[in-house]
Amino acid sequence: MNSNPSPVWHPFTQHGLGDPVQPIARGEGARLYDADGRYWIDAISSWWVTTHGHGHPRIMAAIRAQSEKLDQLIFAGWTHEPAETLAAELVRITPDPLTRVFFSDSGSTSVEVALKMALGYWFNIGEPRSRILVLDHSYHGDTIGTMSVGERGVYNRAWQPLLFDVDTIPFPYAGQEQTALDALEAACATPETGNAPAAFIVEPLILGAGGMLIYPAWVLAEMRAICARHGVLFIADEVMTGWGRTGTRFACDQAGVIPDIVCLSKGLTGGAIPLAVTLCIEPIFAAHFSADRGKAFYHSSSYTANPIACAAANANLAIWRDEPVQQRIDALADAQGAHLAILAHDPRVQNPRRLGTIAALDIAVPDDGYLSNLAPRLTAFARDRGVLLRPLGNSVYVMPPYCTMPDDLAQVWDTIGAALDLGAGG
Ligand SMILES: *Cc1c(COP(=O)(O)O)cnc(C)c1O
């Protein structure tokens, strides 16, 4: 029976359990307000997208200004200034080999585009390949293609018959890095079978939805080197890690890694409005550049490079140029480290870990995986105390906007400290 009068079907929500759905009327900085003025601290940046805070004046002004000029334009055969400016700026701030920018509108589609580009490259140069290598516990989105390259589990079991096969490399846990690298080397080095991989796709330095699993920069650099040695395309999914989350603008920067293909979304517009890009190296574009129309890159969505979204992204890039964004990130990273250190030695806390502005810990519980009701109980506990958290199973993480005020951050961590006992019961 459903007593909820709303027709809205929410994502990742079990309406049958009566999970409450909290209305929000307004956002400012790191705070979300309801119609009565009660607020919640957005400790997960509204699912990892909000970087500079809600309602950043410069991004809001850019959206307003663009909406008065051009709202939407077909992007096949037509173009506009916000997209041209944005593409040029993205090419400027990323390493030189990345020369081409393909627009789409979500992280998932940017990954779909990356996979299609990789296969399109091999097909168009007359050496068709379709094998994709992935890292264990990865998440790349919720479409059929991105689920195929992600972790298989309870949250996608209904669709498994449709998912395509991939080869999975073990996650490089501490002490097992070489095992993972050897597995990647072996998966790449299969010329005798005539089944060479098309690409390896990876979340650089940290697996987000997989549980905030961190691995070292040297492993990322080694993985990139192995792919380069074997001519396997290297795809970096920076949808979550991009725009400063890991302490540097892009996670690959910390490893000195230049991917063949990069996916960016989430913080691309500062988190204000949906937009995504897939950047690639020139040879991938060149493989599609031809007098043969059949070699064109056949991918589009209706809102490809929406002008208002591009204007918001240009404002985000201006904020990175003009405001002390890196200082805010460094300060937030330090504060996160200090708060985490206070809880790190609590016997109820396991695997305290941090990468840049992202801090996470596991609450000690009997191991019963993602569907354990600890996460919803913790979410409700935090919500009652004015904090928006959304744990992954028993992993609690804090990934706030860079403008979060020290007192608000302290309240988030006090709430987590108070919640540690929830692991014992339920
Ligand atoms: C969130 C995420 C995606 C999917 O992005 P959507 O905008 O939700 O489609 C893809 N890859 C990674 C690493 C992500 O964190």
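Residues numbered from 1 in each chain as written. Predicted model: local features only at pLDDT ≥ 70, side-chain atom pairs only at ≥ 80, totals over all residues. Heavy atoms only, no water.

## A word on the domain arrangement of the protein
Taken domain by domain, the protein holds domain 1 (15-55 + 325-425) and domain 2 (60-322). On a C-alpha basis, the centres of domain 1 and domain 2 stand 27 Å from each other. Taken residue by residue, the interface counts 27 residues in domain 1 and 24 residues in domain 2. Interface area for domain 1 against domain 2, summed over the two sides, is near 2200 Å², with a carbon-plus-sulfur share of 67%. Sorting the residues of domain 1 by area buried against domain 2 places Trp48, His52 and Leu355 first, and these three jointly supply 28% of that buried surface. (Domains from an automatic or database assignment. Contact = heavy atoms within 4.5 Å. Buried area = accessible area lost by both parts, 1.4 Å probe.)

## Brief notes about the pattern of salt bridges
Within the structure shown, the criterion is met by 14 salt bridges. A salt bridge links Arg100 to Glu282; its shortest N-O distance comes to 2.9 Å. Of the two residues, Arg100 is situated in strand E4 (residues 98-104) and Glu282 in helix H9 (residues 282-288); the sequence distance between them amounts to 182 residues. Its relative accessible area of 32% is what places Arg100 among the partly exposed residues. For Glu282, a relative accessible area of 29% gives the class partly exposed. Of the charged contacts, one joins Arg229 and Glu185 as a salt bridge, the two residues approaching to 2.8 Å between their closest N and O atoms. Here Arg229 is found in helix H7 (residues 217-230), whereas its partner Glu185 is found in helix H6 (residues 177-188), with 44 residues between them in sequence. Note on Arg229: relative accessible area 54%, which makes it exposed. According to the relative accessible area criterion, Glu185 is partly exposed, its value standing at 25%. (Salt bridge = Lys/Arg side-chain N within 4 Å of Asp/Glu carboxyl O. Helix = DSSP H or I, 4+ residues; strand = E, 2+ residues; numbered from the N terminus. Buried < 20%, exposed > 50% of the residue type's maximum accessible area, 1.4 Å probe, protein only.)

## A closer look at the site of the ligand
Looking at the ligand, the residues that line it are Trp48, Ser106, Gly107, Ser108, Tyr139, His140, Gly141, Glu203, Asp237, Val239, Met240 and Lys266. In this structure, Ser108 approaches the ligand through a side-chain N or O atom, which is 2.7 Å from an oxygen atom. In this structure, an oxygen atom belonging to the ligand sits 2.7 Å away from a side-chain N or O atom of Lys266. When the free accessible area of the ligand is taken as 380 Å², the share hidden by the protein chains comes to 83%. The class makeup of the residues in the shell around the ligand is four nonpolar, five polar and three charged. (Near = heavy atom within 4 Å. Polar contact = N/O pair within 3.5 Å; in protein donor to acceptor, adjacent residues only side chain to side chain. Areas by Shrake-Rupley, 256 points an atom, 1.4 Å probe, with all protein chains shown as cover. Nonpolar A, V, L, I, M, F, W, Y, C, P; charged D, E, K, R; others polar.)

## A short note on a nonpolar patch on the surface
Together, Phe12, Trp47, Val154 and Tyr155 make up a nonpolar patch on the protein surface, roughly 360 Å² of accessible area in all. Checked against the element boundaries, Tyr155 lands in the loop between helix H5 (144-148) and strand E6 (167-169). (Patch = residues over 30% accessible without salt bridge, like charges linked within 9 Å, V, L, I, M, F, W, Y side chains within 5 Å.)

## Details of the sheet that holds strand E12 (residues 276-281)
Sheets are built from strands paired through backbone hydrogen bonds, the pairs being either parallel or antiparallel. Strand order in this open sheet of seven strands is E4-E12-E11-E10-E7-E5-E6, and the pairing throughout is mixed. Pairing within the sheet leaves two strands with one partner each, and these edge strands are E4 and E6. Each adjacent strand pair in this sheet contributes to an overall mean axis angle of 20 degrees, direction not counted. Inspection of the sheet shows strand E10 (residues 233-237) paired to strand E11 (residues 261-264) by three bridges, in the parallel sense. Its bridge partner being in E11, Ala236 is matched across the sheet by Val262. Against the sheet, helix H4 (residues 107-124) touches E4, strand E5 (131-135), strand E7 (197-202), E10, E11 and E12, its axis set at about 25 degrees to E12. (Pairing = 2+ DSSP bridges. Axes fitted to C-alpha atoms, helices over the stretch in contact; angles between N-to-C directions.)

## Points about the nonpolar core
Core analysis: the largest hydrophobic core is formed by 118 residues, its most contacted members being Leu90, Phe200, Met212, Leu220, Met223 and Leu361. Broken down by element, the residue count for this core peaks at nine residues, all from helix H10 (residues 307-322). Counting the residues that make up this core, at least three belong to each of domain 1 (15-55 + 325-425) and domain 2 (60-322). Those residues in contact with Leu90, other than ones at most four positions away along the chain, are Val101, Trp243, Leu264, Leu268, Val277, Leu279 and Leu317. (Core = buried A, V, L, I, M, F, W, Y, C linked by side-chain atoms within 4.5 Å.)

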